[in-house]
Amino acid sequence: MDSRLPLLKGTLDLLVLKALSFGPAHGYGLATWLEENSAGGLTAEDSALYQALHRMEGRGLVEAEWGVTENSRRARYYSLTTRGCQHLEAEMQTWERYAALVSSILSLRPTTA
Amino acid sequence: MLDYRRIFRLRLGRRAELRAELDEELTTHIELRVDELVARGMGREEAMREARKRFGDFDEAKRELYSSVRRREVRLRWGRMLDSVGRDVRLAFRRMVKSPGFAVVSISILGLAISLTTVMFTLVDGVLLRPLPFPEPERLVSLESVGEGSDDSYAYVSMANWHDWRAGTTTLAATGISEQGRISVGIGGDAFRVTGTSVGGDFFQVFQPTLMAGRPLTMEDGQAINQVTVLASSFATRHFGSPDDALGRTLTISGRPYEVVGVVDEHTAHPERSDLWVAFHVAAGNGAARNNINFQAFGRLKEGVDVDRARSELDAVASGIRATDPEGAFHSHGVGVVPLQQALVSDVADTLWLLMLAVVAVLFVACANLAGLGLAGARRRTGEVSLRLALGCGRRQVIRQLLVEYLAIAAIGGALGLTLAWTVGDLILGPMALELPRGTAVRLDLRVALFTAGLTIGAGLLAGIAPAVRISRSADLTGGSRRHLRVGRSLPGGTLVAIEVALALAILIGGGLLLRSLQVVAARDLGYDPAGVVVVEVDLNGEEYRSGTLAVEYWRTLLDNLEQHPGVQSAAVANWIPTGDLGTGFVALPHDPEPDFGASYRVVSEGFFETLEIAVLRGRAFDPSDGPGTERVALVNRALADRAWPGSNPIGQRIASPSMEAWLYDGQAPWLSVIGVVDDIRHDGYESDNEPELYVLYRQVPRWTRGMNVVVRGLESERATLSTQVGEAIRASNPALAVETSRLDDRVANLLQERVLTQRILAGFGVTALLLMCLGVYGLVAHAVSQRTREIAVRAALGARSTGLLGLILGGAGRVIGVGTAIGLAVAYGLTGLLDSLLIDVPATDPATFLAAAALLVTVGMLAALIPSVRAARMDPSEALRGE
């Protein structure tokens, strides 16, 4: 059985914003960051990552600029906008409350009266 | 590969650029992944496959991403544009506040011109452009009689002919006929005069009006014994409370009971302003019946059939009728199949388009005016604009910003214009809508408002483009140095003012021609005197009047009674009076049984000629000795006498009226002895011509007297109350009658009303254009003077006389006005042909009118130029030079 988890809807955006909160990055950099930090435990196709980036660019959460990589390649670097920062914070709180609620319900055990 | 793309990046369009960037981003991603996998020891081929696999569907992703990128770009551009336009608008308003004079003048000028244009468009739109309010109106046609000549068509048809057309057509899905008139209707105990339409055939299937209750009239209703009627919604609501409540109620029409079976939404019904519809019996007929041309016929084309096919089919039917029934071949040389919209408004289309053209010219003058003001102000703007150019604004941006200023002014002007049209536009719209066919469709609504919005933008651009380009150009060239702005000897904006002069003159000439024609027409001799005459149409519906004997008795008593009234000078009755309906029929002469002219047939009482003051030219009028038992006598008018007996004495000649009298005498009209000749009368008012007329005495044709018009001439002193007196006298004679009195002079004036209104509107446009032109001339000269202050001052200081200076300045203005006048005369000469159909007795190139209009315009224009010129010539040179 595959031990990798499919990404929940909407979580990819949150993870990408989180990744960008460490500083600007290009798409490939973000992909490897996600792989490393989930120890390969999350699956998403690279194309989904780009879709998330462009979607959030359209919503003004991230902005992009052409830059040069360490190996002098041209790449599109994404960074958080102010709105992106605020959005990330709000989403993180929501996520934490949501996760806590769900896990507290899931940890209930039947009691014998 | 990347470099290759980069080289071409700038040359590719923005779309291609976006696509290339996306391509690069994704390709870089794959390449980076491959590099890393290879670094970890994977083979290049395998690494490539792995990278692709991890990416997912590369092409699909690219397509999706590209479309989202493009959408974002478009949004961004719009946002950016709105931003900068917003900035321009704010700037524009700041400028308006800074120089409110310019703004107020511009806005007023545009507001006035736009409101006039909006009002005219409302009329044109309602009458000419809006589709008719029936389902699939493009399939509706009017069927017309065609005479011997191909252009001799007549909007009325005979029932007998139409009956055969209907039987022979395969191209019409439905066809019906109708006849309209004022009728008396009894509801409960009350009687009313209403507009009623009698219909035959499938009239309601042709027009398919929206039913509010009940059912439409059908062909069968006309043949049924129980008579039924369909009411207009407002009529039903007024008399019965609601459409549903009207169903099943009974009205008395022409003395007979009619049950209400349906109520239609009158806005979707034909004809407009009809209160009710009844069905009549449709019967075939031959011979003379074919020549009884009283009905209007309409048809609905079958799906996919065009007008030409229907026409050629019906033409064949008509020629069949002519072949089999030569007796009835009059006006049966074909069938005119005319699209209904065209048939309804053809009379007024020219007039409306002409007025529309004139008002657009007024709008052009207004725009030229604004542009002129802008040009005059150009010098003041140059410095500011140069600065902006120096700061790196592109010239296009500068032009756009200047245009936005004009658009902002136009927007306010447009709003003002729309408000004016909405509030006071009714002063023109109200009376015009009453005069025009389809007038009930005239309304200022969103459709018109959208037109006005478009117009406003157009006007703003038109007014702004010249100043914007000029300012940006001069600012560009001089780089901020005002002194080098080219002023030149030619007046800036002179061309614009010349255009204004030309347009104003063309409109003035048009208005002048109409005025001349109106004067000529209104000075014509009607042949009778309508002033102080009151008319009442009375129908004797009761069965007892059928034979006519009692009807004659009724009229005699009524006339005796009326003549007893203190206010009445004389009274008479007539079947057809001037300004009303008129029946014209064939006549026969002993030497010519079928002459090529007919005559209208008036049944009158003795006092008719005295009451209307129609002169008896020869012989005598009817008198009490003429009666049912004596010889049949007749009077003819001069036109009939001239045609029937040219050069010989008509008195004692014989004439017959087969169309009108054959039915009274078992098919053989009797000879009538001519006892007198009376003067011609213009039946349809000043614009109509004199036609042959035959008069007979009502006592000798009692069966013609059930429906008559009572005409009463009042004494000078009693005219104010005459209508009331007559109304009361008639009501007293028969309380069941609905009495509707009207003044004959009003009716004559109403017939001229369309012409009067057209003339006033065009004259109004002309005066507006003239005033705008004066403003333009004034501005032009004032500006020129201000620019040439130094030159004028030097000349004055060197001893030039002030009259010489005046001549110098006025000369410039005179040249502009002269050129404009010449162009205007030429334009008017070319265009007044459009007026031809409106001009009676005045040629479209009437030199007197052309000269008078030009003289008026030049005089007023030079006066406008004189004011600033005099001021300049009088200035103190030393002060002026110090001021520089």
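Residues numbered from 1 in each chain as written. Chains lettered and ligands numbered in written order. Predicted model: local features only at pLDDT ≥ 70, side-chain atom pairs only at ≥ 80, totals over all residues. Heavy atoms only, no water.

Caption draft 1: Spotlight on the overall build of chain A. Along chain A, the regular secondary structure elements total 4 helices and 5 strands. Shown N-terminal to C-terminal, the secondary structure of chain A runs as helices and strands in the order β-α-β-α-β-α-β-β-α. The contacts in chain A between residues at least 6 apart in sequence include a share of 52% that link residues at least 24 apart. By element, 55% of the accessible surface of chain A is carried by carbon and sulfur atoms, the whole surface being about 7,300 Å². (Helix = DSSP H or I, 4+ residues; strand = E, 2+ residues; numbered from the N terminus. Contact = heavy atoms within 4.5 Å. Areas by Shrake-Rupley, 256 points an atom, 1.4 Å probe, with all protein chains shown as cover.)

Caption draft 2: Representation of a nonpolar patch on the surface. Residues and elements named next belong to chain A. A surface patch of nonpolar side chains, about 760 Å² in accessible area, is lined by Trp95, Tyr98, Leu101, Val102, Ile105, Leu106 and Leu108. With respect to the helices and strands, the residue leucine 108 is situated in the segment after helix H4 (82-106). Residue classification places leucine 108 among the exposed residues on the basis of a relative accessible area of 64%. (Patch = residues over 30% accessible without salt bridge, like charges linked within 9 Å, V, L, I, M, F, W, Y side chains within 5 Å. Salt bridge = Lys/Arg side-chain N within 4 Å of Asp/Glu carboxyl O. Buried < 20%, exposed > 50% of the residue type's maximum accessible area, 1.4 Å probe, protein only.)

Caption draft 3: Seen up close, unusual backbone geometry. All names here are of chain B. The omega angle of the peptide bond from histidine 270 to proline 271 is -10°, so this bond is cis rather than trans. Tracing the chain through its elements places proline 271 in the loop between strand E9 (256-264) and strand E10 (276-279). In the Ramachandran plot, arginine 273 falls in the positive-phi region, its phi being about 70° despite a non-glycine side chain. Within the secondary structure, arginine 273 is located in the loop between E9 and E10.

Caption draft 4: Quick peek at the environment of alanine 864 of chain B. All names here are of chain B. Of note, alanine 864 is situated in helix H26 (residues 847-873). Among the residues examined, alanine 864 registers a relative accessible area of 9% and is labelled buried. When neighbours within four sequence positions are excluded, alanine 864 is seen to be in contact with Cys774, Val777 and Tyr778.

Caption draft 5: Main features of helix H11 (residues 307-324) of chain B. Residues and elements named next belong to chain B. Taking 1.5 Å per residue, 18 residues should reach 26 Å; H11 reaches 26 Å between its end C-alpha atoms and fits that length. Buried within H11 are the following residues: Val307, Ala310, Glu313, Leu314, Val317, Ala318 and Ile321. End-on view of H11: buried residues confined to an arc of 140°, all on one side of the axis. Facing away from the buried side of H11, by more than 90 degrees, are the exposed residues Asp308 and Ala323. (Expected span 1.5 Å × (residues − 1). Arc of directions from axis to C-beta.)

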